[in-house]
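Take a look at the letters that make up each chain.
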Amino acid sequence: MRVRGWVTRGRRVRTTAVATLVAGAASLAVAVPAAPAAAGAGTAGDPVCEIRDERLNELSGMVTTDDGYVVVNDGADDEARRRIFFLDERCAVARAVSYPTPPRDTEDLAVGRDGTIWVADIGDNDRNRETIALWRLAPGADRPVLHRMTYPDNPHDAEALLIDASGRPLIITKGGSGTVVLYAPTTALKPGATTPLASVGKVVLPSTTTSNPYSFLGRSVVTGAASAPDGRRVVLRSYADAFEYDVTGDDLVGALTSGTPRITPLPDEPQGESITYSRDGRSLLTVSESADQPAGTRPTILRYPATVAPAAPSAESTTAAPPSPAAASPAAQAAGIGGGQVWSLAAGAGTLLALLAVAGLLWRRHTDRR
């Protein structure tokens, strides 16, 4: 999604911004004990290759293949950009697949275990779509097939897609206050039919301080997702961080809703909306949009080391002296909960007041311009 369309769209968005800030403040007030889970410094990813094709400046989804990458734009205004682009290992366009009808807002990609490419046409900045869609591109096919879906409650903006071991799609809403909702089809998808979705769980993102162009808002939304090639890990990303979860027994929803993620900072990516795993599962790969960046900026695929699950405790470690009362457990540290609850209370209250002040300022500007 183009950020300028997210944060500056006239009166409607100013009002929405106030509501989002108040919602964020409310969530902070409820979860006062939470402190930042990561220092947020991190290091920039290692460049893999630069994408020089002029059509690819609004990249919103990426997956890896045996011989390169597949990417999509989120812009639908320019017909030349409405393609599924296959890149070689040097990021050059090898082929481009057209849609039979124009998509609305393609935001992510996922690949099934059988090699099927799924395109998530699920973006909805204004939250007014009656249906969202997935495009299914079977291996060797030259045209994707459209599958429509509808939410059970109200429209949602979403930018992330996962496919579980059975081939079932999982839509992850973008959120805005640090909590996102998971939706899955209630029945098998069928071309020409509209399949109802059902909510299957919620994910609360850990709090971090990682630097990014959109401050705390950039750390509280989900802009992409991916599964490791072996299916044992899954990752969600924000504009600032990657959150990796371990998957046990192919229970993707359980991993996201009850697992504790390991955090990889993705500091200061220009507008990071894409993430995937390398084919060997050892690295996380990301790419940002470049449409709103300085002239001459090219999208570049970046590589970060994937996190490793902590080893099981040894017999010696289980007999070690207990931690002091002020120390947080490893799980609590990963979730962003420290031992100093008084400091957390003060920090949470201060942030709450700051958010309410910003919300009031935005609302005052809105009413002054009416």
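Residues numbered from 1 in each chain as written. Predicted model: local features only at pLDDT ≥ 70, side-chain atom pairs only at ≥ 80, totals over all residues. Heavy atoms only, no water.

Caption draft 1: Spotlight on the environment of N128. Note that N128 resides in the loop between β7 (117-121) and β8 (132-137). A sequence separation of 28 residues divides N128 from H156, and the C-alpha atoms of the two residues are 8.2 Å apart. In this view, N128 contacts R104 and P155; residues no more than four positions away in its chain are not counted. (Helix = DSSP H or I, 4+ residues; strand = E, 2+ residues; numbered from the N terminus. Contact = heavy atoms within 4.5 Å.)

Caption draft 2: Structural detail: the confidence of the model for the chain. Of all residues in the chain, 72% attain a pLDDT of 70 or more, and the chain-wide mean is 80. Between residues 4-36, whose pLDDT stays under 50, and residues either more than four places distant or in other chains, the model counts 57 contacts. Counting interchain partners and residues more than four positions distant, the pLDDT-below-50 stretch residues 311-370 has 54 contacts. (pLDDT = per-residue confidence, 0-100.)

Caption draft 3: Quick peek at the sheet that holds strand β11 (residues 169-173). Strand order in the open sheet formed by 8 strands is β6-β7-β8-β9-β13-β12-β11-β10, with mixed pairing between adjacent strands. Each edge of the open sheet carries a strand with a single partner, namely β6 (106-111) and β10 (158-163). In this sheet, adjacent strand axes meet at a mean angle of 30° when their direction is disregarded. Bridge count for strand β9 (residues 145-150) against strand β13 (residues 194-204) is 3 bridges, and the pairing is parallel. Residue pairing across strands places R148 opposite T194, the latter belonging to β13. (Pairing = 2+ DSSP bridges. Axes fitted to C-alpha atoms, helices over the stretch in contact; angles between N-to-C directions.)

Caption draft 4: Up close: the sheet that holds strand β18 (residues 272-277). In space, the 4 strands of this open sheet follow the order β1-β20-β19-β18, with antiparallel pairing throughout. The open sheet has two edge strands, β1 (46-50) and β18, and neither has a second partner. Adjacent strand axes in the sheet meet at a mean angle of 30°, parallel and antiparallel pairs treated alike. Bridge count between β1 and strand β20 (residues 300-305): 4 bridges; the pairing is antiparallel. Among the inter-strand pairings, P47 is bridged to a residue of β20, identified as L302.

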